[in-house]
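Commentary on secondary and tertiary structure
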Amino acid sequence: MTSRIQSATPGEQQGEQATGQAPYPTAAGSVSGPQNGRAGRASLDELHETARRIAANVERVLVGKPDVIRIALVTLLAEGHLLVEDVPGVGKTSLAKALARSIDCTVSRIQFTPDLLPSDVTGVSIYNRQSGEFEFRPGPVFANIVVGDEINRASPKTQSALLECMEEHQVTVDTSTYHLEEPFMVIATQNPIEMEGTYALPEAQRDRFTARVSIGYPDQQAELAMVDEHAGHNPLADLEPVSDRESVQRLIETVRSVHISPEVRRYAVDLVSATRQAPEIRLGASPRATLQLVRAARAQAALSGREFVVPDDLHTVAIPVLAHRMVLTTEAHAARRSATDVVRAILHRVPVPQGSPGTNHR
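A brief look at the structure comes next.

Conventions adopted
Residues numbered from 1 in each chain as written. Predicted model: local features only at pLDDT ≥ 70, side-chain atom pairs only at ≥ 80, totals over all residues. Heavy atoms only, no water. Helix = DSSP H or I, 4+ residues; strand = E, 2+ residues; numbered from the N terminus. Buried < 20%, exposed > 50% of the residue type's maximum accessible area, 1.4 Å probe, protein only. Contact = heavy atoms within 4.5 Å. Salt bridge = Lys/Arg side-chain N within 4 Å of Asp/Glu carboxyl O. Pairing = 2+ DSSP bridges. Expected span 1.5 Å × (residues − 1). 1 Å grid on protein atoms, 1.4 Å probe; cavity = no way out; pocket = protein on both sides within 12 Å on 5 of 7 lines; lining within 4 Å. Points joined across faces, edges and corners; volume = space filled by probe spheres on them. Nonpolar A, V, L, I, M, F, W, Y, C, P; charged D, E, K, R; others polar. Polar contact = N/O pair within 3.5 Å; in protein donor to acceptor, adjacent residues only side chain to side chain.

Assignment of secondary structure puts Q190 in strand β10 (residues 185-190). Looking at Q190, the relative accessible area reads 7%, which means it is buried. Those residues in contact with Q190 that lie beyond four places of it in its chain are L83, V84, E85, D86, K92, E150, I151, N152 and L201.

Another point: the pattern of salt bridges. Within this structure, the stated rule accounts for 16 salt bridges. Ionic pairing is found between D341 and R344, a salt bridge with its closest N-O pair at 3.8 Å. Taken together, the positions of D341 and R344, both in helix α14 (residues 339-349) and 3 residues apart, correspond to about one turn of that helix. For R344, a relative accessible area of 42% translates into the label partly exposed. Linked by salt bridges that have partners in common, E167, D207, R288 and R325 make up one network.

The next subject is unusual backbone geometry. Of all residues except glycine, most have a negative phi; of all peptide bonds, most are trans. E182 connects to P183 through a cis peptide bond whose omega is -5°. Structurally, P183 is set in the loop between β9 (176-179) and β10. The backbone phi angle of E150 is positive, close to 55°, even though this residue is not glycine. By the secondary structure assignment, E150 is in the loop between β7 (145-149) and α5 (156-159). Backbone geometry at H169 places phi at a positive 55°, although glycine is not the residue there.

With 5 of 5 residues buried, β7 lies mostly within the body of the structure. Note that β7 and β10 share 4 bridges and pair parallel. Each bridged residue has a counterpart across the sheet, and for G148 the counterpart in β10 is A188.

Given a rise of 1.5 Å per residue, 12 residues ought to cover 16 Å, and the 15 Å separating the end C-alpha atoms of helix α12 (residues 311-322) matches this to within 8%. When you tally the buried positions in α12, you get 10 out of 12 residues, the bulk of the element. Considered for burial, the residues of α12 that qualify are P311, D312, D313, L314, H315, V317, A318, P320, V321 and L322. Where the residues of α12 are buried, they touch α2 (66-77), β11 (211-213), α10 (262-277), α11 (287-303) and α14.

Once that is clear, we can look at the environment of T316. Within the secondary structure, T316 is located in helix α12. The sequence separation of T316 and I71 amounts to 245 residues, and the corresponding C-alpha distance is 9.3 Å.

Each pocket or cavity is described by its volume, and for the largest pocket that value is around 440 Å³. Considering the residues around the largest pocket, the lining is formed by 19 residues, among which E85, Q190, P192, R206 and R212 are closest to the centre. For the lining of the largest pocket, the elements supplying multiple residues, two or more each, are β14 (327-328) and α14. Tallied by class, the residues present in the lining of the largest pocket amount to 9 nonpolar, 7 polar and 3 charged.

Along the chain, Q300 turns up in helix α11. A residue is classified by how much of its surface remains accessible, and Q300, at 6% relative accessible area, is buried. Polar contacts involving the side chain of Q300 include one to the side chain of R70, which spans 3.3 Å. Those residues in contact with Q300 that lie beyond four places of it in its chain are R70, V74, D313, T316 and V317.

So, in structure tokens, the structure goes:
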């Protein structure tokens, strides 16, 4: 097992990746080591089998939440980032760690705190007395999967250090740009209830997360099974990788090739446009949301064993992809309407393309 979890705390610069070697930048401005490259495609059967193994591995830690695990896999295959938002103790960090450990790739963990600095995330240039030059020491963001625990405990200044990383897969420090290896995924957790000592994520930050999931409390059977299996032992301790970076990259290439017809593309645009016109919404979803909705629908279709997207795929991922991006009006809050309620209403209101298969979800 070559992947391991790293932690970044205030005042510490994490210059090594999970392989134990420092990936110092080359003269071209990229990180030394395996270079980004396009992997070959995997078959849908291989994709389904690999996804099944990863999901089964994660479910050893997060019992009774298959829908949440599926959205996490959709986000991974859609080349996106996942925000896990829920109350304490329901397994937010366990989900992130289990998914990261299920893939044999570089993994880092950042514990966000109010005194964390942007350089603790991205890295810093340090003067080398022997060479007489500054050397860049990469931070924990230089990994394939970055687990950000309690992201809303960091200041907005530190939160903004992730904006460029998440959108452009690169880091700019002291006028130099360093590219991140693919695949690259940020899995962040936050507690929406406790407000003391936290900073709400700005709209620009939330918009960079492809999907948001809430785990929720387990049912009694799942909680009983968790007590029986986990009370005396931490399942994360024995979790072994069931896939690797190259395999995941091949699965991503397969998802990119999933066909989406002009009618379904138009339907995706209509759904996102409806969020900007709904009277309950003060700020609707952005064009970035449209792109990520389509990517997530492609991943959902591939996980369902199809080489093409149907409207049901858009329905399945619409709430996780769109709800967290919207800002409701004061009247909607007073009426106790949630963003999830608004997205559901939009799914029922916007007409499905005539003759499209897979419309039984509504």
